[in-house]
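Structure at a glance
Here is how the chains run, residue by residue.
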Amino acid sequence: MGTESLDFKGKVALVTGASKGIGAAIARIYAEHGASVMLSSRKIGALEETAATIDGDTAVHAANAGDPEQARACVAATIARFGGLDILVNNAATNPYYGRSIDIDLPRFDKIVEVNLRGPFVWTQEAWKQSMEDRGGVVINIASVGGMKFSGSIGIYDMTKAALIHVTKHLASELGPHVRVNAIAPGLVKTDFARALWEPGADRKDWPWAMGRLGQPLDIARAALYLASDLSSWVTGEVIVVDGGSMVV
Ligand SMILES: NC(=O)c1ccc[n+]([C@@H]2O[C@H](COP(=O)([O-])OP(=O)(O)OC[C@H]3O[C@@H](n4cnc5c(N)ncnc54)[C@H](OP(=O)(O)O)[C@@H]3O)[C@@H](O)[C@H]2O)c1
């Protein structure tokens, strides 16, 4: 197998939460490798700004990842624009609550579940129904190391990520061999989403895990490139932890 396995020409990717952070890095790396990429998130202006910085074949479509009708419309728009869908990255997530899980109010509980857990499931359903059932494809769910261990004040978010890992395995078993479904579990990555976790130590040179540094969105995008490519053609139902070694210290 040669470098042509990373040639994504003729492939169509849809990335949710693609206006910044990890999603933007994934959209960029796919476009750089020749894919046509639909970038989606809620704010069209931010999407347009990000797409303008990517050298490649891109389009944008605003959609709330927690809204099934908007998911359906975004997948349909991707297919209308590019002729199909080969790679779906369920990257958008939310966490409007910090504190003891036991104290959370139901509206915020429901919102976290809607966006982080029901969202990836519904987007995968739409991708399957509208394109992948006929054409095959790859689904990548962005989970978190928080879904694999106990990490304190973001318990409900972590529960949705743990469940997302299970959804990944379940759908991999249902949809193979036609569609591969995998997850990436990032550790702490320097994005707005995790600002409260890394900013207090922004100048640190000695983060307390094996690789000693914060993650960058590109660290995660490289794993998403592998999982979307033929290089991982026998990998499904897996979780790749990309965390600089935080799980092993
Ligand atoms: N950063 C970390 O340390 C870390 C660690 C583990 C896992 N993760 C996971 O990595 C993924 C990306 O996070 P990030 O760190 O890159 O965050 P980020 O930089 O804050 O970006 C989040 C993206 O999601 C979009 N978004 C937020 N809520 C949305 C919704 N309801 N519907 C559609 N789009 C929505 C945002 O754009 P709009 O505001 O325009 O919608 C933005 O494009 C998430 O699944 C997160 O759980 C991150």
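Everything below is about the structure printed above this text.
Since the structure is predicted, the reported quantities are computational estimates derived from the model, not experimental observations. (Residues numbered from 1 in each chain as written. Predicted model: local features only at pLDDT ≥ 70, side-chain atom pairs only at ≥ 80, totals over all residues. Heavy atoms only, no water.)

Focus: the overall build of the chain
Note the threshold: Numbering of helices and strands starts at the N terminus; helices are DSSP runs of H or I of at least 4 residues and strands are runs of E of at least 2. The globule rule is 2.2 Å times the number of residues to the power 0.38, and the radius of gyration it is compared with is taken over C-alpha atoms. Burial here depends on accessible area, computed with a 1.4 Å probe over protein chains only, as a share of the maximum for the residue type. Under 20% is buried, over 50% is exposed, and the range in between is partly exposed. In what follows, a contact means two residues having at least one pair of non-hydrogen atoms within 4.5 Å. As used throughout, the charge tally considers Lys and Arg to be positive and Asp and Glu to be negative, leaving His and the chain termini uncounted. Charge coordinates come from a single atom per side chain, which is NZ of Lys, CZ of Arg, CG of Asp or CD of Glu.
Check the secondary structure of the chain and you find seven helices and seven strands. In terms of overall size, the chain behaves like a compact globule, its C-alpha atoms giving a radius of gyration of 17 Å where 249 residues would be expected to give roughly 18 Å. Its C-alpha atoms give the chain principal-axis dimensions of roughly 45 × 40 × 40 Å. Burial analysis of the chain (249 residues in total) assigns 52% to the buried set. Restricting to contacts in the chain with at least 6 residues of sequence separation, those with at least 24 account for 69%. Looking at charge distribution, the chain has the averaged site of its 24 positive side-chain charges lying 4 Å from that of its 27 negative ones.

A word on the pairing of strand β5 (residues 137–142)
Put simply, side chains in a regular strand alternate between the two faces of the sheet. To keep it simple, the criterion reads: Pairing between two strands requires that DSSP report at least two bridges joining them. Whether a crossover is right-handed depends on one test, that the path from the first strand over the helix to the second runs clockwise when the strands point away from the viewer.
Counted residue by residue, β5 has six buried out of six residues, so it is predominantly covered. Going residue by residue along β5, you find Gly137, Val139 and Asn141 tucked away on one face and Val138, Ile140 and Ile142 tucked away on the opposite face as well. The sheet contact formed by strand β4 (residues 87–90) and β5 spans four bridges and is parallel. Looking across to β5, one finds that Ile87 is bridged to Val138. Between the parallel elements β4 and β5, the chain passes through helix α4 (residues 106–135) in a crossover that is right-handed.

Quick look at the sheet that holds strand β3 (residues 57–62)
How we decide: The angle between two axes is taken between their N-to-C directions and runs from 0 to 180 degrees, where each axis is a line fitted to C-alpha atoms and a helix contributes only its stretch in contact.
With parallel pairing, seven strands are arranged side by side in an open sheet as β3-β2-β1-β4-β5-β6-β7. Among the strands making up the open sheet, the edge pair consists of β3 and β7 (239–242). Between one strand and the next, the sheet's axes are offset by a mean angle of 20°, whatever the strand orientation. Note that strand β1 (residues 12–16) and strand β2 (residues 36–41) share five bridges and pair parallel. Opposite Ala13, over in β2, you have Val37 as the bridge partner.

What to know about the nonpolar core
Worth spelling out the cut-off: The set of buried Ala, Val, Leu, Ile, Met, Phe, Trp, Tyr and Cys residues whose side-chain atoms join them within 4.5 Å is what this entry labels a nonpolar core.
Grouped together as the largest cluster of nonpolar side chains are 32 residues, with contacts concentrated most on Val15, Ile26, Tyr30, Val37, Val89, Ile140 and Ile184. Mapped onto this core, the elements with two or more residues apiece are β1, α1 (21–32), β2, β4, β5 and α7 (217–228). Those residues in contact with Ile26, other than ones at most four positions away along the chain, are Val15, Val89, Ile142, Ala221 and Ala224. In terms of nonpolar packing, the next biggest core, distinct from the first, is built from 26 residues, Leu14, Val75, Ala127 and Val139 among them.

Focus: the side chain of Thr160
Among the structural elements, Thr160 can be located in helix α5 (residues 155–175). Once you skip the residues sitting within four places of it in the chain, Thr160 turns out to touch Ile112, Val113, Asn116 and Leu117.

Some details on the site of the ligand
Threshold: Consider each residue's heavy atoms; a residue with any of them within 4 Å of a molecule or strand counts as near. Under this definition, polar contacts are N or O atom pairs within 3.5 Å; protein pairs additionally need one hydrogen-donor-capable and one acceptor-capable atom, and for neighbouring residues in sequence, both atoms have to be side-chain atoms. For the accessible areas, the method is Shrake-Rupley and the probe is 1.4 Å, while residue cover comes only from the protein chains on display. Gly falls in the polar group here, along with every residue not listed as nonpolar (Ala, Val, Leu, Ile, Met, Phe, Trp, Tyr, Cys, Pro) or charged (Asp, Glu, Lys, Arg).
Close contacts around the ligand come from 29 residues, with Ser19, Arg42, Asn91, Tyr157 and Thr191 the closest. In this structure, an oxygen atom belonging to the ligand sits 3.2 Å away from a main-chain N or O atom of Gly17. Within the backbone of Gly187, a nitrogen or oxygen atom sits 3.5 Å from an oxygen atom of the ligand. In isolation the ligand exposes 880 Å². Once the protein is present, 95% of that is buried. When contributions to the shell around the ligand are tallied by element, the ones reaching two or more residues are α1 and α5. Of the residues contributing to the shell around the ligand, the split by class is 15 nonpolar, nine polar and five charged.

Everything listed is a geometric property; what it means functionally is a separate question.
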